[in-house]
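# Structural features, examined
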Amino acid sequence: MIPFRPLLAACCLSLLAPAFAAEPVLPQLRAYETDDSWRQPVAPFQIAEHSWYIGTQGLSAVLVKTPQGAVLIDGGMPQAADMLLAHMKAVGVEPGDLKYILNSHAHADHAGPLAAVKRATGARMIGNAESAALLARGGSDDIHFGNDLTFPPVQVDRALMDGETVELGGLRFTAHFTPGHTPGSLSWTWDDRRDGKVARIAYVDSLSSPGYKLIGNPRYPHLVDDYRRSFAMVRALPCDVLLTPHPDMSGWTPEITAAPHPEPMTCRAYADGAERKLDAELKKQRKAAR
């Protein structure tokens, strides 16, 4: 006796085969693509006595060395993990020397390799509660981008408050909440030295609004108010040296591979420029809504 179920399956598949064949093949999955500069490594260069740039042409990663270990701020794209570890080693930091990882915001082009770096080094990830949720989701369900720009999830080990500090080897990193670009956007300041003088370094998060719905956004009702508060916060930061997650936003072009910057941008100028762009976009969106 022929079993009933295989016979039925064979019969049904035979009848349906022409219909399947008529349909096109489903498309392959495609990962998001980025500017080449975001993936172009540059040789590490020194910003101040303890602080080094170890990122790519278009995405910042800053390493701060202390006698008790090192701190990494941001990392770039997910595929940058091996590059970061190699650049760390090139400036004298072994994987086990990295103690803390700090982040500006939970987008794939800045938090992408942090999970891999954390696994390789055992460093503790530090952020705020708002970013911690998005980092743990690997960027999924982003307010503006949905699931388009995901990355390997990373767990925050210590959630801190606005104004709280992280200390290592005599250096103190202060967290400044600057929401807008993301609800959990963070900027960081610390004091270093250059040419025998104190250099107040500000790593200020992105203040842009790329394609964002600024008016009546149901996922972020007070988005514009947060931008305004962040602009004011950034203008008041201690800021002898300005660094940003996208280096070109603060004037660090690929041709500049050494510090000090020949034409440094101030935190005030950075905030003023961002606010002008926000105002222009608001005007555009209000006009379109009429």
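## Examining the state of the cysteines
Simply put, the disulfide is a covalent bond whose two ends are the sulfur atoms of two cysteines. Counted under the stated rule, the structure contains one disulfide. Each sulfur of the disulfide joining C239 and C267 lies 2.1 Å from the other. Between C239 and C267, the S-S dihedral sits near 85°, and the bridge is therefore right-handed. Highlighted residues: C239 in the loop between α6 (223-235) and β12 (241-243) and C267 in helix α7 (residues 267-289), separated in sequence by 28 residues. You can call C267 buried: its relative accessible area is 2%.

## Some details on the environment of A70
Tracing the chain through its elements places A70 in strand β4 (residues 69-73). Here the alpha-carbon distance between A70 and E94, two residues 24 residues apart in the chain, equals 9.3 Å. Among all residues touching A70, those that are not within four sequence positions of it are L63, V64, K65, V93, D97, L98, K99, Y100 and L168.

## Considering helix α5 (residues 129-136)
An α-helical turn contains 3.6 residues, so any two residues separated by three or four positions project in the same direction. Those residues of α5 lying buried are S131, A132, L134 and L135. On its buried side, α5 packs onto α3 (108-111) and β6 (124-127). Following α5 by one or two positions, G138 adopts a phi angle in the positive range, close to 65°.

## Quick notes on the packing of α6 against α7
Axis separation between α6 and α7 bottoms out at 8 Å; the angle between their running directions is 160°. Taken together, the axes of α6 and α7 are roughly antiparallel relative to one another. Where α6 crosses over α7, the handedness of that crossing is left-handed. For the pair formed by α6 and α7, the contact residues are V224, Y227, R228, F231, V234 and R235 on the first element and C267, R268, Y270, A271, D272, A274, E275, L278, D279 and L282 on the second. Residue composition of the contact of α6 with α7, by class: ten nonpolar, no polar and six charged.

## Let's talk about the sheet that holds β12
Taken in spatial order, the five strands make up an open sheet running β8-β9-β10-β11-β12, and their pairing is mixed. The open sheet has two edge strands, β8 (165-168) and β12, and neither has a second partner. Looking at each pair of strands side by side, their axes are set apart by 20° on average, direction ignored. As paired elements, strand β9 (residues 171-177) and strand β10 (residues 186-194) share four bridges and run antiparallel to each other. Each residue of the ladder has a partner; that of A175, found in β10, is W188.

## Notes on the pairing of strand β3 (residues 62-66)
For β3, the buried fraction is high: four of the five residues fall into the buried class. One ladder, built from three bridges, connects strand β2 (residues 51-53) with β3; its direction is antiparallel. Bridging from a neighbouring strand, S51 pairs with V64 of β3. Here β3 pairs with β4 via five bridges, running antiparallel.

## As for the packing of helix α2 (residues 81-90) against helix α4 (residues 114-121)
For the pair α2 and α4, interaxial distance at closest approach is 9 Å and the crossing angle is 50°. Here α2 is positioned oblique relative to α4, judged by the angle of their axes. Of the two possible hands of crossing, α2 and α4 adopt the one that is right-handed. Side by side, α2 and α4 meet where A81, L84, L85 and M88 of the first sit next to A116, V117, A120 and T121 of the second. Split into classes, the residues belonging to the contact of α2 with α4 amount to seven nonpolar, one polar and no charged.

The rules behind each value
Residues numbered from 1 in each chain as written. Predicted model: local features only at pLDDT ≥ 70, side-chain atom pairs only at ≥ 80, totals over all residues. Heavy atoms only, no water. Disulfide = S-S within 2.5 Å. Helix = DSSP H or I, 4+ residues; strand = E, 2+ residues; numbered from the N terminus. Buried < 20%, exposed > 50% of the residue type's maximum accessible area, 1.4 Å probe, protein only. Contact = heavy atoms within 4.5 Å. Axes fitted to C-alpha atoms, helices over the stretch in contact; angles between N-to-C directions. Parallel < 35°, antiparallel > 145°, perpendicular 65-115°, else oblique. Left-handed = near helix turned anticlockwise from the far one by under 90°. Nonpolar A, V, L, I, M, F, W, Y, C, P; charged D, E, K, R; others polar. Pairing = 2+ DSSP bridges.

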